Amino acid sequence: MFYIIEEESKLENLQRLSKLGLYVEVISSNDNYHPKLTSTVAVYIRPLKSKRGFIIPINHDEGLNVSKDRVSQLLLSCKEIYTFDKKELLYHFNIQAAIDISLLYSMTEYDRLQVNDNISTINYYYNKYSNFKNINKLIPLSKLFEKYEKKYQAIEKYIDIEIPDNFDFYNNTATNVFFLLEQSGLGIYYEPFKEMFKPKDPLYSIVDNTVLTSYNLYNVTSRPTNAYNSVNFAAIPKGRDFRSCFHPKGDVFLELDFDGYHLRLLCEQIDYPLSDESAHKQLAKQYFNKQEITDEEYNEAKQINFQAIYGKIPEKYAFLDVFEKIDGFIKSLWTEYETNGRVLAPISNKPFTTKLKDMHPQKLMNYVMQSLETSRNIIIIKDVLRYLKDKKTKLVLYTYDALLFDFYKEDGEETLKKLKEILESGGKYPTKLKYSKDLSL
């Protein structure tokens, strides 16, 4: 069939046709499995100037398969490449130049790009053989081609979205950071984990008593969620029965938790100085006009701070310098938003525009702060991953204001000191250290 590319002469023709740009989708061995647990079955390619797409079999029972290296050569020769999910593409091909259409859409339309690519024949196979790891090798190439042709037709118009100036930070830096972060996984006790977390199917994300995570970047503020196979890793329940399902592959789980992270980020934006003492305690001393703060007063201060950051500044404390500055910051963001039609978040320059629905001053500030938190964390994680590259200790989980490491004692105390140094940025963002043989930190 003309759309199946197997011979070298046809590959050369497709390569010439794709020189100016193409859309690419990897067809893995099973769509339900975590991409780390899959192999490459075929690749769908649609040259941007072509009226139809093509499919290249790599490891399919029906095709005269082309080597993966040859397909990689073809992709790397292209000037411009678009894909639906760049992070997933990276599991099969290291194509750094690829443009993530889903990410582009979410950053400009503030919504998740969803398409209907259902094909009845493919649904039949998945309903009957969903657990078969190589199911896509059984599905006819013609039906796989039909699925991705349909998908491309649904998203073709989004290729023309103008790429914003800040896009590279998320498309390259963030995507690579979270791709690398997903590689280690978390050690688990298989049976207790399966009983407590009830994954849709353990085969989809568990291998060798290790469960894999998946970070979703397609959110309004770019703050990633982390859920896969019906397990939400960004909100693991606090209960002992849940936390004891995990174990380190090394000697201990080690968590570095930022102190009053959003409060410190906000205070840096408003130029309000904080020391390395607990941020919540520093403000509690002002609320209660005393130096020694009880546990009850500390918890009350945290509630006041959360209300000020995420809700409304309490009238009782509005006269304090910190809240006057926060109020001024909120008003200045809103003035800029109404005047210019957008506000740029610090570090990433992610724009928040008037396309956003139901926007108001406090909500805008929350969006900006979540984006700032995410951007700073992306840079930190990048530095952490680079530092740990040649060490046994691995970063295994990111949960907004904390990083979890699977720590090997042989890496030494110097490794811990360096990790704290990277996170704390010269003492501006102090961290608290916790460690445990499970996640009961």
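Use the structure listed above.
Residues numbered from 1 in each chain as written. Predicted model: local features only at pLDDT ≥ 70, side-chain atom pairs only at ≥ 80, totals over all residues. Heavy atoms only, no water.

**Quick look at the overall build of the protein chain**
Step number 1: Scanning the protein chain for helices and strands turns up 16 helices and 17 strands.
Step number 2: In terms of overall size, the protein chain behaves like a compact globule, its C-alpha atoms giving a radius of gyration of 25 Å where 441 residues would be expected to give roughly 22 Å.
Step number 3: Principal axes of the C-alpha set define a box for the protein chain whose edges measure 80 × 55 × 40 Å.
Step number 4: Taking the intrachain contacts of the protein chain between residues at least 6 apart in sequence as the baseline, contacts between residues at least 24 apart amount to 67%. (Helix = DSSP H or I, 4+ residues; strand = E, 2+ residues; numbered from the N terminus. Rg over C-alpha atoms; globule rule 2.2 N^0.38 Å. Contact = heavy atoms within 4.5 Å.)

**Focus on a nonpolar patch on the surface**
Step number 1: Residues Tyr 129, Phe 132 and Leu 138 make up a contiguous nonpolar surface patch of roughly 270 Å² in combined accessible area.
Step number 2: For Leu 138, the location among the structural elements is in helix 6 (residues 135-138). (Patch = residues over 30% accessible without salt bridge, like charges linked within 9 Å, V, L, I, M, F, W, Y side chains within 5 Å. Areas by Shrake-Rupley, 256 points an atom, 1.4 Å probe, with all protein chains shown as cover. Salt bridge = Lys/Arg side-chain N within 4 Å of Asp/Glu carboxyl O.)

**Focus on the sheet that holds strand 6 (residues 186-187)**
Step number 1: Reading across from one edge, 6-8-7 is the order of the 3 strands in this open sheet, with antiparallel pairing throughout. The open sheet has two edge strands, strand 6 and strand 7 (206-207), and neither has a second partner. (Pairing = 2+ DSSP bridges.)

**Describing the side chain of Ser 28**
Step number 1: Note on placement: Ser 28 falls in strand 1 (residues 22-28).
Step number 2: Judged by relative accessible area, which is 5%, Ser 28 ranks as buried.
Step number 3: If we skip the residues at most four places from it in the chain, Ser 28 touches Thr 38, Ser 39, Val 41, His 92 and Asn 136. (Buried < 20%, exposed > 50% of the residue type's maximum accessible area, 1.4 Å probe, protein only.)

**Concerning the sheet that holds strand 12 (residues 252-258)**
Step number 1: The antiparallel open sheet is built from 4 strands, whose spatial order is 15-16-12-17. Looking at which strands have only one partner, the edges of the open sheet turn out to be strand 15 (394-398) and strand 17 (431-436). Between one strand axis and the next, the sheet turns by 25 degrees as a mean value, whatever way the strands run.
Step number 2: With 6 bridges joining them, strand 12 and strand 17 adopt antiparallel strand pairing. If you follow Phe 258 over to strand 17, its bridge partner there is Thr 431.
Step number 3: Sitting on the sheet, helix 15 (residues 361-388) touches strand 12, strand 15 and strand 16 (402-407), and the angle it makes with strand 15 is about 160 degrees. (Axes fitted to C-alpha atoms, helices over the stretch in contact; angles between N-to-C directions.)

**Looking at the packing of aromatic side chains**
For any two aromatic rings, the description comes down to two numbers: the centre-to-centre distance and the angle of the planes.
Step number 1: Counted by the stated rule, this structure contains 27 aromatic pairs.
Step number 2: The interplanar angle of 70 degrees and the centroid separation of 6.5 Å between the aromatic rings of Tyr 23 and Tyr 44 together place this pair among those described as edge-to-face. Linking Tyr 23 in strand 1 with Tyr 44 in strand 2 (residues 40-47), this pair joins segments that are 21 residues apart in sequence.
Step number 3: Both rings, one in Tyr 261 and one in Tyr 429, keep their centres 5.8 Å apart while their planes meet at 90 degrees; by these two values the pair is edge-to-face. Of this pair, Tyr 261 sits in helix 11 (residues 261-269) while Tyr 429 sits in the loop between helix 16 (413-424) and strand 17, and the two are 168 residues apart along the sequence. (Phe/Tyr/Trp six-rings, centres within 6.5 Å; stacked < 30°, edge-to-face > 60°.)

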